[in-house]
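# Notes for the structure review
What follows is each chain in one-letter form.
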Amino acid sequence: MMRLLRSLLPGRRKLGFAYLFSLAISVALALLLGALMMRLTGYSPVEGYAALVKGAFGTRRALGNTLAKAVTLSMTGLAMAVAAQAGIFNVGGEGQLFLGGMAAAIVGSQLTGWPAAVAVPLAFVAAITAGGLYALLPGVLKVRLKVNEVITTIMLNSVAIYLCAYLANGPLRTADKGIAAGTNAIDPAYVFPRLIPLSNLTASAVYAAVLALLCWYVMKRSTIGYEMKLTGQNPRFARYMGMKTDRLILWSMAASGALCGIVGLFEVYGLHRRFIPSLSNEFYFDGMLVAMIMRYDPVGIVLMSVFFAMLKIGGTAMELGVGISSELILIVQSIIIFFMAAQSGLARIVRERRGRRAARRRIEGKNVPQGEATS
């Protein structure tokens, strides 16, 4: 299992033209199979996909909802990529997201009446601290005790989610009528304004754009990004070069958790205005898929997030408008992932066969008698 995951780390595979071409073919085949399933179930593929595109981009509200979903996917995907850059898998982003949202909700509800210019930055600090420290825990276990980070982060997911659910249903439960479970509402002055009326797109998109640019710069243009990449590719060589690999791993895990915590803040301050137990519907795992498909490239993650958001938002509209089940979109996504996983395996097999053939030709060339070779 770990060997398979390690093969997915950045640096082992690059986002080159050949891979992008394979990805385009995989998307086309997945959509073609989706069209075939529509036809077999009695629906028109043209009407189905037209409804999907219209449901994702046809109106300002639909466009806003699609972009809002893309923001969430890109942020969680970048959180995964930052940790993977240093060769460590943060699979616990869902729990870190919940803790960040809870911390931000507590700040927003307790600082009622404070100026937004003070309270909102403090909420960011709380979300970053909660998510970052919670991600740091499995990082420390990995560095100090060599404990598998995949196992610890998955287990800590449940701890964080159930802890937040307990707080929202118990000690921090609101007395507001009509709220089954959740904390007190944050001050209305702290709520992020909507960029497109009646949609889910809020000012969090502006913060996300800045953070995405920062992630790109750190991962692709900074010295620490290069050191993280070298640590992920070959930690032994990185240590030999004098790099503090343990510190880089801890830093990348903390940064990954901080990004997840900020996503939790976006949900609280942008949409729900309080913490609720259903704050996330496995947002981080969707972002993980986006990051893995795009091989942890920041620009690729943002672009693929828009495509996956289109499928998510447009799929719901397709079901309501045409009657085609939105589960079909999940099938299309699964087919894309399957094709890309198969592409990696097939490419490896082709490379190995080419290597064996080249080695065989070199051996046969050396074994040719001198007289035959000169004649």
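Look up: the structure comes first, before these words.
This write-up is about the structure you can find in this document.

What counts and what doesn't
All chains use their own residue numbering, which begins from 1 and follows the written sequence. This being a predicted model, a pLDDT of at least 70 is required before a residue's local features are given, and a value of 80 or more before pairs of side-chain atoms are given or counted; all residues contribute to the totals for chains, interfaces and linings. Only hydrogens and water are removed before side-chain values are computed, so all heavy atoms of the structure are retained for them. Under the scheme used here, helices are H or I runs from DSSP no shorter than 4 residues and strands are E runs no shorter than 2 residues, and both carry numbers assigned from the N terminus. Remark: exposure states derive from per-residue accessible area (1.4 Å probe, protein chains only) relative to the maximum for the residue type, with buried under 20%, exposed over 50%, and partly exposed in between. The method behind every accessible area is Shrake-Rupley, applied with a 1.4 Å probe, and residues are considered shielded solely by the protein chains displayed. In this tally, Lys and Arg are treated as positive and Asp and Glu as negative; His is ignored, and so are the chain termini. Throughout, a charge is located at the NZ atom of Lys, the CZ atom of Arg, the CG atom of Asp or the CD atom of Glu. The salt bridge criterion pairs a side-chain nitrogen of Lys or Arg with a carboxyl oxygen of Asp or Glu, the two atoms within 4 Å. In this analysis, two residues are considered to be in contact whenever any of their non-hydrogen atoms come within 4.5 Å of each other. Joining through side-chain atoms within 4.5 Å is the link that ties buried Ala, Val, Leu, Ile, Met, Phe, Trp, Tyr and Cys residues into a set, and such a set is a nonpolar core. In a helix, the anticipated span is given by 1.5 Å times the number of residues less one. Within this analysis, patches are made of residues with over 30% relative accessible area and no salt bridge. Like charges are joined at 9 Å or less; nonpolar side chains (Val, Leu, Ile, Met, Phe, Trp, Tyr) at 5 Å or less.

### Brief notes about the overall build of the chain
In terms of helices and strands, the chain carries 15 helices and zero strands. In terms of its C-alpha atoms, the chain occupies a principal-axis envelope of roughly 95 × 60 × 30 Å. Going through the 375 residues of the chain one by one, you find that 49% of them count as buried. A total of about 18800 Å² of accessible surface is found on the chain, and carbon and sulfur atoms cover 65% of it. Counting 37 positive and 16 negative side-chain charges, the chain places the averaged centre of each group 7 Å from the other.

### Regarding the side chain of K69
With respect to the helices and strands, the residue K69 is situated in helix α4 (residues 60-85). Despite its burial, K69 pairs with no opposite charge, the nearest such side chain being D286 at 4.4 Å. When near neighbours in sequence (up to four residues on either side) are disregarded, K69 contacts F283, D286, A309, K312 and I313.

### Side note on the nonpolar core
The nonpolar side chains of soluble globular proteins are, as a tendency, buried together. Of all hydrophobic cores here, the largest spans 93 residues; its most connected members are M75, L265, F266, Y269 and I336. With 11 residues, α4 is the single largest residue contributor to this core. Setting aside residues no more than four positions away along its own chain, Y269 makes contact with A104, A105, V107, G108, A123, I186, Y190, V191 and F192. Among the nonpolar cores identified, the runner-up in size contains seven residues, and A83, I88, L250 and M253 belong to it.

### Thoughts on helix α5 (residues 93-110)
In this model α5 runs 26 Å from its N-terminal to its C-terminal C-alpha over 18 residues, within 8% of the 26 Å that 1.5 Å per residue would give. Taken across its 18 residues, α5 has 16 buried, putting it largely inside the fold.

### A short note on a nonpolar patch on the surface
Nonpolar side chains collect at one region of the surface, where F17, F21, I25, L29 and L32 lie side by side and expose about 540 Å² of accessible area between them. Note that F17 resides in helix α2 (residues 17-40). Looking at F17, the relative accessible area reads 70%, which means it is exposed.

### Some remarks on a positive patch on the surface
Taken together, the side chains of R353, R354, R356, R357, R360, R361 and R362 define a basic patch exposed on the protein surface. Inspection of the secondary structure puts R353 in helix α14 (residues 327-367).

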